[in-house]
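# Overview (structure and organization)
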Amino acid sequence: MPAPTLPALLRLLCLTLALFLSACGDGPLVRQESFVFGTRVEVVSYGSPEAEARTALNAVLREFDRLHRSYHAWQPSELTSLNAAIAAGKSTPVSPEMLSLLQASQRYAALSDGLFDPAIGKLIELWGFHGDSFTPHLPEPAALQAAIAAAPSVRQLSLQGELVRSSNRAVNLDFGGIAKGYALDRAATILREHGIKNALINIGGNVMALGAKGKQPWSVGIQHPRASGPLATLALYDGEAIGTSGDYQRFFEFEGQRYSHLIDPRTGVPAKHTAALTVLVTPRENAGMLSDVASKPLFLAADDWPAMARRFEIHHALRVDAAGHISLTPDMRARLRWADGVGPATVVE
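Here the residue index of a chain counts from 1 through its sequence in written order. Two thresholds apply to this predicted model, a pLDDT of at least 70 for residue-level local features and 80 or more for giving and counting side-chain atom pairs, whereas whole-chain, interface and lining totals are computed over all residues. Side-chain metrics in this entry use all non-hydrogen atoms of the structure; hydrogen atoms and water are not considered.

## Focus: the overall build of the protein
The helix and strand inventory of the protein stands at 10 helices and 19 strands. The globule rule is 2.2 Å times the number of residues to the power 0.38, and the radius of gyration it is compared with is taken over C-alpha atoms. The C-alpha atoms of the protein give 19 Å as radius of gyration, which agrees with the globular expectation for 349 residues (20 Å, within 12%). Principal axes of the C-alpha set define a box for the protein whose edges measure 60 × 45 × 35 Å. The criterion used for residue contact is that any of the two residues' heavy atoms lie within 4.5 Å. A separation of at least 24 residues holds for 63% of the contacts in the protein among residues at least 6 apart in sequence. Each accessible area is a Shrake-Rupley estimate made with a 1.4 Å probe; only the visible protein chains count as cover when residues are assessed. About 14,700 Å² of surface is accessible on the protein, with carbon and sulfur atoms providing 52% of the total. Separation of charge centres in the protein, based on 32 positive and 33 negative side chains, amounts to 1 Å. Strands are runs of DSSP state E lasting at least 2 residues, helices are runs of H or I lasting at least 4, and numbering of each runs from the N terminus. Lys and Arg are tallied as positive, Asp and Glu as negative. Neither His nor the chain termini are counted. To locate a charge, the coordinates of NZ of Lys, CZ of Arg, CG of Asp or CD of Glu are taken.

## Some remarks on the sheet that holds strand S5 (residues 163–166)
The criterion for strand pairing is that DSSP finds at least two bridges linking the strands in question. Across the sheet, three strands lie side by side as S3-S5-S4; this open sheet has antiparallel pairing. Two strands in the sheet have a free side with no partner beyond their single neighbour: strand S3 (92–93) and strand S4 (157–160). As paired elements, S3 and S5 share two bridges and run antiparallel to each other. Paired with Thr92 across the strands is Val164, a residue of S5. Between N-to-C directions, angles cover 0 to 180 degrees, with each direction set by a line fitted to C-alpha atoms, over the stretch in contact for helices. Sheet strands in contact with helix H4 (residues 96–111) are S4 and S5, and its direction is about 130 degrees off that of S4.

## Side note on the pattern of salt bridges
When a carboxyl oxygen of Asp or Glu is within 4 Å of a side-chain nitrogen of Lys or Arg, the pair counts as a salt bridge. Applying the stated rule across the entire model yields 16 salt bridges. In this structure, Arg54 and Glu50 form a salt bridge, with 3.3 Å as the shortest nitrogen-oxygen distance. Taken as a pair, Arg54 and Glu50 lie in helix H2 (residues 50–70) at a separation of four residues, close to a single helical turn. Judged by relative accessible area, Arg54 falls into the partly exposed class, the value being 28%. Residues Arg266 and Asp264 are paired through a salt bridge, measuring 2.7 Å at the closest nitrogen-oxygen approach. Whether a residue is buried, partly exposed or exposed follows from its accessible area with a 1.4 Å probe, protein chains only, as a fraction of its type maximum: under 20%, in between, or over 50%, in that order. A relative accessible area of 6% places Asp264 in the buried class. Each of Arg31, Glu33, Arg40 and Glu42 takes part in one network of salt bridges that share partners.

## Focus: unusual backbone geometry
In this model, Gly343 is joined to Pro344 through a cis peptide bond whose omega is -5 degrees. Relative to the assigned elements, Pro344 resides in the loop between strand S18 (336–338) and strand S19 (345–347). With phi around 60 degrees, Phe37 is a residue other than glycine that occupies positive phi space. For Phe37, the location among the structural elements is in the loop between strand S1 (29–36) and strand S2 (39–46).

## A closer look at the side chain of Asp264
For Asp264, the location among the structural elements is in strand S13 (residues 263–264). At 2.7 Å, the side chain of Asp264 forms a polar contact with the side chain of Arg266. Each residue touching Asp264, except ones within four places of it in the same chain, is listed here: Leu115, Val269 and Leu300. We define a polar contact as two N or O atoms separated by no more than 3.5 Å, with the added condition that, inside protein, one atom must be a possible hydrogen donor and the other a possible acceptor, whereas residues neighbouring each other in sequence contribute only through side-chain atom pairs.

## Considering the environment of Leu101
Among the secondary structure elements, Leu101 is positioned in helix H4. Leu101 sits 217 residues away from Leu318 along the chain, and the two C-alpha atoms are 27 Å apart. Once residues lying within four places of it in the same chain are set aside, the contact partners of Leu101 are Tyr71, Phe175, Ile178, Tyr182 and Met289.

## Here we look at the packing of H2 against helix H7 (residues 179–193)
Taken N-terminus to C-terminus, the directions of H2 and H7 make an angle of 150 degrees; their axes are 9 Å apart at the nearest point. In terms of their interaxial angle, H2 and H7 are classed as roughly antiparallel. In this structure, H2 crosses over H7, and the sense of that crossing is right-handed. On H7, the residues that touch Ala56, Leu57, Ala59, Val60, Glu63, Phe64 and Leu67 of H2 are Tyr182, Ala183, Arg186, Ala187, Ile190 and Leu191. Here the nonpolar group is Ala, Val, Leu, Ile, Met, Phe, Trp, Tyr, Cys and Pro; Asp, Glu, Lys and Arg are the charged ones; every other residue, Gly included, is treated as polar. Split into classes, the residues belonging to the contact of H2 with H7 amount to 11 nonpolar, no polar and two charged. In these notes the angle categories are as follows: under 35 degrees is roughly parallel, over 145 is roughly antiparallel, 65 to 115 is roughly perpendicular, and the rest is oblique. Here is the rule for handedness: rotate from the far helix to the near one, and if that takes an anticlockwise turn smaller than a right angle the crossing is left-handed, while a clockwise turn gives right-handed.

Structure, rendered in structure tokens:
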């Protein structure tokens, strides 16, 4: 994944400050941070003895490193091995964890009518978002049209036991839209196994809460897509997760136009109608994964995002369109505290 641009890093820093300055209440806070999944990650615990907390947080960061290595989209990994086998028209065995991620991806792809589809790795590569260094450029038109015409979909994968193959050799998997959410769920499991009851996990703005910060809930910020500070803040309660897709996270500008990593599988082109889309997922199984996944199809659905939210049974969502207009669900409006000068916003059912 290309290194984040300076504006993206500044916004990420502001989001981090919004998250953790609000976590500075009474009681022992223990924090660990790293750089993984192409972004800054932080895990903070509250109320546990420091030695126990350090052990747990280090275990989480080790797990993040393992997931990063296992599912890297262009450096040698289990994922690149699977992509090579698909391109060669071969069946290949995968790990149980990989199989579960593929099954989840197929379910989410079907639910979103293909707006979430990790099989478009070739399109992501053509737009320059596979690589450790990055030079802004547009794809060659012929190559882009060929990738679009190939119409790859994760639903074209055949999962038979541990064996995976595809009827379409153009399927090239990129888990950039699901891996961080899965990592949130894994982190929550590890923390609980270590006896940590109160924690906040932040993977580049994908956040999950455990317990509370003493007598208060955790407080997190929703990043403004065109400013350095938060758009709003909200309380995040035990087991809740929040995910944002924004055109400011991974993007480049070319001849005055912004091109983000949020590529519409239907057109093969980065979407330009939305600046940011945030979802809050209330406690349920795989809440972290859902918060990561669901923000993508809602982002790409443009004005139809409320209907897509209902498909995913998400009641808390907020969209900022390309013109800066804010729309949100009633449940999300009830949870927010706007930053000074933000608004107005349209509440939609």
